[in-house]
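Here is how the chains run, residue by residue.
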Amino acid sequence: MSEANSVSTLGGSLTARLQLAHTTQTGAIQMPATTRHVLIEVGCSDRDTLDQDPIFTEDAASFLISFEPLVDKYAVLLGRGTARFHGRTTDRSVPLGHHHARGVVLPFALSPRGGPTSFHVSKIAGCSSYLDRTDRSWAACSNVREQRTVPSITLADALGLAGSLPVRYLKLDAQGADYALIRATDPGLLRTRVERISMEIVASDCRPLYAGQARCDEVVQYMRSIGFATRNDSMRIHS
């Protein structure tokens, strides 16, 4: 297969260019006309996901954009669309990229610079990350089964997929990279576009699992410095 083809076996990997979702002329995801705000979930795996959470399911004015770079977990999420659109009926098509009538899921990671990135796939799928492990005490997370190259975009690019709509909730679960994604994003963009952010961070008295992973006190201090305030288990824009 040649490089000009949309399918390639160069470099020992089978890769393909795929159409994943429909966008507007400005590059935003196409959404229902009734959409008033967007929720974004970064790093889903296949459990405890926003497409099943009342914060989304009970908010008819919201649209969900989900990101999951492991293709098997992406397939699980995408496969939920059939039941939601057609119940128990099989062999029916679903709108491109939709796992919900008000949501799409995309097989991307997020990284500070974007572009193809090497991903360490762990025995526990939810531990997979592009970051190296520093704490080997949790063997299930430290056991890397394989390396994969996955596409990634920046957090700013992810926010751009929401178009001009406000992002009511940004849920980050990027396995050690949550704070790095925030730091790589213009604080003004975060303040003006995002109302609430949740992320997984390490307690200040614990060892980080991933290389370069920031601790809680550093993250909270920075988030406050750019205009967010601590509310319950997340950071909200201070008003």
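Reading the values: rules and limits
Residues numbered from 1 in each chain as written. Predicted model: local features only at pLDDT ≥ 70, side-chain atom pairs only at ≥ 80, totals over all residues. Heavy atoms only, no water. Phe/Tyr/Trp six-rings, centres within 6.5 Å; stacked < 30°, edge-to-face > 60°. Helix = DSSP H or I, 4+ residues; strand = E, 2+ residues; numbered from the N terminus. Buried < 20%, exposed > 50% of the residue type's maximum accessible area, 1.4 Å probe, protein only. Lys NZ or Arg CZ within 6 Å of the ring centre and 35° of its normal. Pairing = 2+ DSSP bridges. Polar contact = N/O pair within 3.5 Å; in protein donor to acceptor, adjacent residues only side chain to side chain. Contact = heavy atoms within 4.5 Å. Core = buried A, V, L, I, M, F, W, Y, C linked by side-chain atoms within 4.5 Å.

A. Just the packing of aromatic side chains, in detail. If you walk through the whole model with that rule in mind, you get two aromatic pairs. Between Phe-67 and Phe-108 the ring centres are 6.3 Å apart and the planes differ by 35 degrees, which places this aromatic pair in the tilted class. With Phe-67 in strand S4 (residues 62-67) and Phe-108 in the loop between strand S6 (103-106) and strand S7 (109-110), the pair connects residues that are 41 residues apart, well separated along the chain. Overall, the relative accessible area of 19% leaves Phe-108 in the buried class. The interplanar angle of 75 degrees and the centroid separation of 5.8 Å between the aromatic rings of Tyr-179 and Tyr-222 together place this pair among those described as edge-to-face. Of the two residues, Tyr-179 is situated in helix H5 (residues 178-183) and Tyr-222 in helix H7 (residues 216-225); the sequence distance between them amounts to 43 residues. We classify Tyr-179 as buried; its relative accessible area is 8%. Judged by its relative accessible area of 12%, Tyr-222 falls in the buried class. Between Arg-102 and the ring centre of Phe-56, over which it is positioned, the NZ or CZ distance is 4.4 Å. Over the ring of Tyr-169 we find Arg-196, and its NZ or CZ is 4.4 Å from the ring centre.

B. View of the pairing of strand S11 (residues 167-172). Most of S11 is tucked away, with five of its six residues classed as buried. Two strands pair when backbone bridges link them, and S11 and strand S12 (residues 196-199) are joined in this way by three bridges, in the parallel orientation. Pairing of Leu-172 across the sheet is with Met-199, part of S12.

C. Structural view of unusual backbone geometry. With a phi angle near 55 degrees, Ser-45 is a residue other than glycine that sits in the positive phi range. With respect to the secondary-structure elements, Ser-45 resides in the loop between strand S3 (37-42) and helix H1 (54-57). Since its relative accessible area comes to 16%, Ser-45 is described here as buried. Even without being glycine, Asp-91 reaches a positive phi, approximately 60 degrees. You can see Asp-91 is positioned in the loop between helix H2 (71-86) and strand S5 (98-100).

D. Structural context of the side chain of Gln-175. Here Gln-175 shows up in the loop between S11 and H5. Assessed through its relative accessible area of 13%, Gln-175 is described here as buried. Here the side chain of Gln-175 touches Gly-126 through a polar contact of 2.9 Å, landing on its backbone oxygen. Ignoring any residue separated from it by four or fewer positions in sequence, one finds Gln-175 in contact with Gly-126, Cys-127, Ser-128, Ser-129, Leu-131, Glu-200 and Tyr-210.

E. Summary view of the nonpolar core. Ile-40, Ile-65, Phe-67, Leu-170, Ile-182, Ile-197 and Met-223 are the most contacted members of the largest nonpolar core, which totals 52 residues. The residues contacting Leu-170, other than those within four sequence positions of it, are Ile-40, Val-42, Leu-155, Val-194, Arg-196, Ile-197 and Ser-198. Formed by five residues, the second largest nonpolar core is a distinct cluster that contains Leu-50, Phe-56, Leu-64 and Tyr-169.

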